[in-house]
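One letter stands for each residue in the lines below.
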Amino acid sequence: MSDRYQALAHTQVGKLVVKNLGLPNPPRLERYTPDSALVEGTVLVAAAPSSTLGDQLMADLSASGISTARSQVDGATYRGLVLDATGIDSTAGLGEVQAFFTPVLRSLARSGRVLVIGTPPENAADDGRAIAQRALEGVTRSLGKEVGRGATVQLLYVATGAEAGMRSTLDFFLSPKSAYVSGQVVRIGASGTIGVAPVRDPLRPLDGKVALVTGASRGLGAAMARTLHRDGATVVGLDVPALAGDLKALLDELDGESLVLDITAKDAPQRTAAYLSSHHGGVDVVVHNAGITRDKRLQNMNPQNWDLVIDINVGAPQRITAELLAQGLIRGNGRVLAVSSIAGIAGNNGQTNYAASKAGVIGFVHDLAGRVATDDITVNAVAPGFIETDMVKTIPLTVREAGRRMNSMAQGGLPIDVAETIAWLAHPGSSAVTGNVVRVCGQSLLGA
Ligand SMILES: NC(=O)c1ccc[n+]([C@@H]2O[C@H](COP(=O)([O-])OP(=O)(O)OC[C@H]3O[C@@H](n4cnc5c(N)ncnc54)[C@H](O)[C@@H]3O)[C@@H](O)[C@H]2O)c1
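Cut-offs applied
- Residues numbered from 1 in each chain as written.
- Predicted model: local features only at pLDDT ≥ 70, side-chain atom pairs only at ≥ 80, totals over all residues.
- Helix = DSSP H or I, 4+ residues; strand = E, 2+ residues; numbered from the N terminus.
- Rg over C-alpha atoms; globule rule 2.2 N^0.38 Å.
- Buried ≥ 20, exposed ≤ 12 C-beta atoms within 10 Å, placed from the backbone.
- Contact = placed C-beta atoms within 7 Å.
- Pairing = 2+ DSSP bridges.
- Right-handed = clockwise from strand over helix to strand, strands pointing away.
- Axes fitted to C-alpha atoms, helices over the stretch in contact; angles between N-to-C directions.
- Parallel < 35°, antiparallel > 145°, perpendicular 65-115°, else oblique.
- Left-handed = near helix turned anticlockwise from the far one by under 90°.
- Nonpolar A, V, L, I, M, F, W, Y, C, P; charged D, E, K, R; others polar.
- Core = buried A, V, L, I, M, F, W, Y, C linked by C-beta atoms within 7 Å.
- Near = placed C-beta within 6 Å.
- Domains from an automatic or database assignment.

## Describing the overall build of the protein chain
And then number 1: On a plain count of helices and strands, the protein chain comes out with 15 helices and 13 strands.
And then number 2: For the protein chain, the C-alpha radius of gyration of 22 Å lies close to 22 Å, the compact-globule estimate for 448 residues.
And then number 3: Viewed in the frame of its principal axes, the protein chain has a C-alpha envelope of about 60 × 55 × 45 Å.
And then number 4: Considering the protein chain as a whole, with its 448 residues, one finds that 50% of them fall into the buried category.
And then number 5: Pairs at least 24 residues apart make up 77% of the contacts formed inside the protein chain by residues separated by at least 6 positions.

As structure tokens, this is what we get:
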């Protein structure tokens, strides 16, 4: 749906009004198109003393065709700023963060990208390192609120042994693909097929892969189907019988296949498994996107709407995944991706059933990630904030406007923003990224 305020704020008169009244000023967010370079401009890379990722970082950025500089040049503008902070092991050492960023932040381009890279505090050998590395979260989340002009800031914690598993994540967070993702902390762990998954064509990393997307006929699911197809996957789109026509039209356009069923049907796990087994001998990427809301405050909730929301949003994904795993249908370097929501993190008035289901999705991811790591399967969730789809049309106007503006981008995201995040997690090179919940919310104040 359209954001009239944003359109108005970009007119000549609108700009004046916004400035003089101090109103929210939503910047134009730059988004990725395959016909432009992944990153247009130079990324400045620096390292705190004793940091260890320098060589790997430079090799990764160079392999992705990203232009880099190691020291700031007067008058230059930077598309990205990357600080390897893995060497910081005391609170005094945090001064390195200020020393790098303060002089260079004014040189960050519009829609620029800032990455701080650390090591997981939970793996730290001593308290000084644990405290300093955890402190980096405070820096990045605050800087995300300061940078403005469509810029984003993230923290990547890279575990020892996972150094070769950073590239797909660097590509995503330095490029316009991550336009509506900011203030996130992502853990890159040392499991899976790190660094060895060959990608022949960087524009089609999912060539030869099969991706199942539930709820694919419209909204976020349709954007995911399109984006995974763009990246080379054969997409099997699943949706309810009532939307079979829309589903077929989309999947025909994508040379994909439709699977018409209700995921809460008793035999849905077996039918899904049978389809993927007989048509493709398995599946590489499973995206549990189908979801509904039935909002009512708990004092007015009926049991039907409570059960339905929980069963569609988390019960069915759990059962379908269990069946696919039991039949050994999720192939090596496979992906299970689920869609949570910031309501599942922050809670929301009138959404106890929905928030329970979406918090349950986070539980599903955290539980399953550890159990399937040895099978070479990663499990992650995206947690969208306010995304411009049919689902948000039903929100009352004032609540809708608040949801749109109360984030670092002062606007809602687009379905493509969630789809790009799914595509990054689905990328064969993202094998070291598991057990993460990544918010696609423009750094919403809710649950921040
Ligand atoms: N739009 C947002 O702002 C937002 C924010 C946070 C989370 N989400 C989540 O993103 C996902 C997609 O949301 P959307 O905005 O695209 O919604 P949408 O209503 O446009 O699409 C949801 C799709 O799921 C399908 N679906 C529902 N029940 C099903 C069932 N029983 N079996 C098979 N398919 C079923 C629907 O038919 C529909 O195609 C949902 O899980 C939603 O909770 C959306």
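## Some points on the pairing of strand β6 (residues 184-188)
Each regular strand displays side chains that alternate between the two surfaces of the sheet.
And then number 1: A large share of β6 lies buried, amounting to four of its five residues.
And then number 2: Looking at chain direction, strand β5 (residues 152-158) and β6 are connected through five bridges and run parallel. Within β6, the position partnered with V158 by the bridge is I188.
And then number 3: Crossover connection from β5 via helix α6 (residues 167-174) to parallel β6: handedness left-handed.

## A look at the packing of helix α10 (residues 303-326) against helix α12 (residues 352-372)
And then number 1: Close contact between α10 and α12 brings their axes to 8 Å; oriented N to C, the two are set at 15 degrees. Considering the angle they form, α10 stands roughly parallel to α12. Considering only the axes of α10 and α12, their crossing is right-handed. On α12, the residues that touch N305, W306, V309, I310, N313, V314, P317, Q318, T321 and L325 of α10 are N353, Y354, A356, S357, K358, G360, V361, F364, L368 and V372.
And then number 2: Of the residues contributing to the contact of α10 with α12, the split by class is twelve nonpolar, seven polar and one charged.

## Details of the packing of helix α7 (residues 219-230) against helix α15 (residues 415-426)
And then number 1: Where α7 meets α15, the axes come as close as 8 Å, and the angle between the chain directions of the two elements is 50 degrees. Accordingly, the angle class assigned to the pair α7 and α15 is oblique. Remark: the crossing between α7 and α15 carries right-handed chirality. For the pair formed by α7 and α15, the contact residues are G219, L220, A223, M224, R226, T227 and L228 on the first element and P415, I416, V418, A419, E420, I422, A423 and A426 on the second.
And then number 2: When the residues that make up the contact of α7 with α15 are grouped by side-chain class, the tally is eleven nonpolar, two polar and two charged.

## Points about the nonpolar core
And then number 1: Counting residues in each nonpolar core, the largest one holds 120 residues, and the members touching the most others are L83, A211, V213, L228 and I422.
And then number 2: Once residues within four sequence positions are removed from consideration, A211 is found in contact with L206, L228, A233, V235, D284, V285, V287 and A426.

## A look at the site of the ligand
And then number 1: Inspection of the region around the ligand gives 27 residues, with G215, G219, G291, I387 and M391 positioned closest.
And then number 2: If you list the elements that add at least two residues to the shell around the ligand, you get α7 and α13 (390-393).
And then number 3: Split by residue class, the shell around the ligand holds 13 nonpolar, ten polar and four charged.

## Some remarks on the sheet that holds β5
And then number 1: One open sheet holds the six strands; their spatial order is β2-β1-β3-β4-β5-β6, and the pairing between them is parallel. Edge positions in the open sheet fall to β2 (67-69) and β6, since each of these has one partner strand only. Between one strand axis and the next, the sheet turns by 25 degrees as a mean value, whatever way the strands run.
And then number 2: As defined by bridge partners, strand β1 (residues 42-47) adjoins strand β3 (residues 78-84) across five bridges and the pair is classed as parallel. Within the sheet, the bridge partner assigned to A46 lies in β3 and is L83.
And then number 3: Across the sheet, helix α3 (residues 54-63) is in contact with β1, β2 and β3; its angle to β1 comes to roughly 170 degrees.

## Let's talk about the sheet that holds strand β9 (residues 257-260)
And then number 1: Read across the sheet, seven strands follow the order β9-β8-β7-β10-β11-β12-β13 without closing on themselves; strand pairing throughout is parallel. Each edge of the open sheet carries a strand with a single partner, namely β9 and β13 (437-440). When the angles between neighbouring strand axes are averaged without regard to direction, this sheet yields 20 degrees.
And then number 2: With four bridges joining them, strand β8 (residues 234-239) and β9 adopt parallel strand pairing. Bridging from a neighbouring strand, V236 pairs with E257 of β9.

## Side note on unusual backbone geometry
And then number 1: A positive phi is found at N333, a non-glycine position, where the angle reads about 55 degrees.
And then number 2: Tracing the backbone shows N333 in strand β11 (residues 330-339).
And then number 3: In this structure, D376 is a non-glycine residue whose phi angle is positive, near 70 degrees.
And then number 4: Structurally, the position occupied by D376 is in the loop between α12 and β12 (377-384).

## A closer look at the domain arrangement of the protein chain
And then number 1: Domain assignment breaks the protein chain into domain 1 (1-28), domain 2 (31-188) and domain 3 (210-440).
And then number 2: Each of domain 1 and domain 3 has a C-alpha centre, and the two are 33 Å apart.
And then number 3: At the junction of the two partners, domain 1 supplies seven residues and domain 3 supplies nine residues.
And then number 4: Here the side of domain 1 that touches domain 3 is composed, by residue class, of four nonpolar, two polar and one charged.

## Notes on the environment of R28
And then number 1: Its place among the elements puts R28 in the loop between α2 (12-21) and β1.
And then number 2: The exposed category is assigned to R28, around which 12 C-beta atoms lie within 10 Å.
And then number 3: Taking C-alpha positions, R28 is 36 Å from A369, a pair spaced 341 residues apart along the chain.

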